[in-house]
Amino acid sequence: MSQAHLAYESRVNLGSYYTPPEIVDTAWGMIAPYVRSQTTVIDSACGYGDFLKDCGQSITIGCDIDETAVDVAKENNDKVQFFQRNALCNVSREKFGIPKQSHLIVVGNPPYNDKTSLIRQSIKSVDFEIDDDLACRDLGISFLRSYNKLEADLICVLHPLSYLIKPTNFRLLKAFTANYRLIDGLLISSSEFPESAKHTSFPIVLALYERDTQGMAYSFIRSFRFRPAGKSGFCLDDFDYITGYVDKYPKKKNRPTYHDSLFFWTMRDINALKRNRTFVENYSANTIVIDKQKLDYYAYVDVFKRNLHRLPFYFGNCDVLIDDNLFRQYKSAFISDTVSHHPFLKKHFQIHPIEKQQASSGLDTYFKLLFGEHHI
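Residues numbered from 1 in each chain as written. Predicted model: local features only at pLDDT ≥ 70, side-chain atom pairs only at ≥ 80, totals over all residues. Heavy atoms only, no water.

S.K.: Please clarify how empty space enclosed by the protein should be interpreted in this entry.
M.R.: Empty space among the atoms becomes visible once a probe the size of a water molecule is rolled across them. One pass over the structure, following the stated rule, counts three cavities of 30 Å³ or more. Approximately 40 Å³ is the volume found for the second largest cavity. Taken together, Ile242, Lys248, Met267, Arg268, Asp269, Ile270, Asp319 and Val320 form the lining of the second largest cavity. Per-class residue counts for the lining of the second largest cavity are four nonpolar, no polar and four charged. (1 Å grid on protein atoms, 1.4 Å probe; cavity = no way out; pocket = protein on both sides within 12 Å on 5 of 7 lines; lining within 4 Å. Points joined across faces, edges and corners; volume = space filled by probe spheres on them. Nonpolar A, V, L, I, M, F, W, Y, C, P; charged D, E, K, R; others polar.)

S.K.: In this structure, what is going on with the packing of aromatic side chains? I would like to understand it.
M.R.: Geometry of an aromatic ring pair is reported as the spacing of the ring centres plus the angle between the planes. Within the structure shown, the criterion is met by 31 aromatic pairs. Aromatic side chains Phe83 and Phe96 sit 5.8 Å apart centroid to centroid with 80° between the ring planes, which places their arrangement in the edge-to-face category. A residue pair is termed long-range when its members are at least 10 positions apart, and Phe83 in strand β3 (residues 81-84) and Phe96 in the loop between β3 and β4 (103-108) qualify at 13 residues. By relative accessible area, which is 2% here, Phe96 ends up buried. Judged by centre distance (6.0 Å) and plane angle (90°), the ring pair of Phe304 and Phe371 falls under edge-to-face. Placement of Phe304 in helix α10 (residues 295-305) and of Phe371 in helix α13 (residues 356-371) is noted, with a sequence separation of 67 residues between them. Per residue, the accessibility class of Phe304 equals that of Phe371, and both read buried. Every member of this aromatic cluster is reached through a ring pair, and the members are Tyr245, Tyr297, Tyr300, Phe304, Phe327, Tyr330, Phe334, Tyr366, Phe367 and Phe371. A cation over a ring is seen here: Arg181 above Phe220, with NZ or CZ 4.7 Å from the ring centre. Over the ring of Trp265 we find Arg277, and its NZ or CZ is 4.2 Å from the ring centre. (Phe/Tyr/Trp six-rings, centres within 6.5 Å; stacked < 30°, edge-to-face > 60°. Helix = DSSP H or I, 4+ residues; strand = E, 2+ residues; numbered from the N terminus. Buried < 20%, exposed > 50% of the residue type's maximum accessible area, 1.4 Å probe, protein only. Lys NZ or Arg CZ within 6 Å of the ring centre and 35° of its normal.)

S.K.: How do you make sense of the nonpolar core when you look at a structure like this?
M.R.: If you look at soluble globular proteins, the nonpolar side chains tend to sit buried side by side. If you look at the biggest cluster of nonpolar residues, it comprises 87 residues, and the most contacted ones within it are Phe226, Tyr300, Phe304 and Leu321. The greatest single-element share of this core, amounting to eight residues, is contributed by α10. Once you skip the residues sitting within four places of it in the chain, Tyr300 turns out to touch Ile242, Val320, Leu321, Ile322, Asp323, Phe327, Phe334, Tyr366 and Leu370. Counting 20 residues, the second-largest nonpolar core is a separate cluster that includes Met30, Ile31, Cys55 and Ile188. (Core = buried A, V, L, I, M, F, W, Y, C linked by side-chain atoms within 4.5 Å. Contact = heavy atoms within 4.5 Å.)

S.K.: What exactly am I supposed to notice about the pattern of salt bridges here?
M.R.: When the charged atoms of two side chains lie near each other, side chains of opposite charge can form a pair. Counted according to the given criterion, the structure contains 17 salt bridges. A salt bridge links Lys248 to Asp319, with the shortest nitrogen-to-oxygen separation between them at 2.4 Å. Placement of the pair is Lys248 in the loop between β9 (240-241) and β10 (263-265) and Asp319 in the loop between α10 and β13 (321-322), with a sequence separation of 71 residues. For the salt bridge of Lys292 with Asp260, the shortest nitrogen-to-oxygen distance reads 3.2 Å. Linking Lys292 in the loop between β12 (287-289) and α10 with Asp260 in the loop between β9 and β10, this pair joins segments that are 32 residues apart in sequence. (Salt bridge = Lys/Arg side-chain N within 4 Å of Asp/Glu carboxyl O.)

Here it is in structure tokens:
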């Protein structure tokens, strides 16, 4: 289970969370075809050692910065070599006694702890040393960088899907993505992890990477088909997004210039939309001054927020989805729904609202067509 000897703050900052056995078994099923007699398997943030098992002639190594966790892991795994060390400092194969020519596989659930995230912000800190070329605002990205430094041949680890699908995060992995290619990606909800269930569920990927000097560009990720349970696949390029139609963030010269200016809350991704407002009546540093020529699309986002229950967890870090041609067909339904929730907007729309039942039916049809097999 979770590393119960740690206080809550330490569990957050060390990323010490229990990984359900079925996920561990799935990870081993993914790497099993690649394990050879001379393979070394390492989990460099092993906790109690849940991901470590006897691989016969292969060498299995566990490492953790937490001394107590390593002691417990030693009691549970007597055929594994353990190190109580900081895996992000002075990173090299020599540090773990791994020969340079050895075939190396990394497996596990490394910590991810984004210091810039608002969740648990008040207790987040990192008070251990990290190599300069590995340091990042998110520990999970630091660990991925460390696997590249170890020149691992295969990597099978859990990490937030946002590392790959958000361009800003993907750019932070430049050294990693230059040398690795994603060959499999199973999508898992963060709600599968008991201690994360109290927050909005976000998508985690059990990612299998193979060392490849061709690496992968962001376009590769956009066209990659991830595996959600029970679906044929999830691919970013299957959809269009609201980014091309509205401003998602306040502009530098963002102050209102007219007495009847309209305001919309900053948009980040779908999970942020769950937590935040849409139209607001007062200006602030977090509001967008709406270009009224784009008002219909802001109404679209407002209605989209009220229909998020139709989407599965793995869309959580995506931008708002849209089919513009389809939206134009059902625009009156969207505007009618927005005006019913924000009556002060009525005078700003050219389209006359339609009956509630007719609008509801139109919205239902639109979202079923937009989401397709992903519709809940």
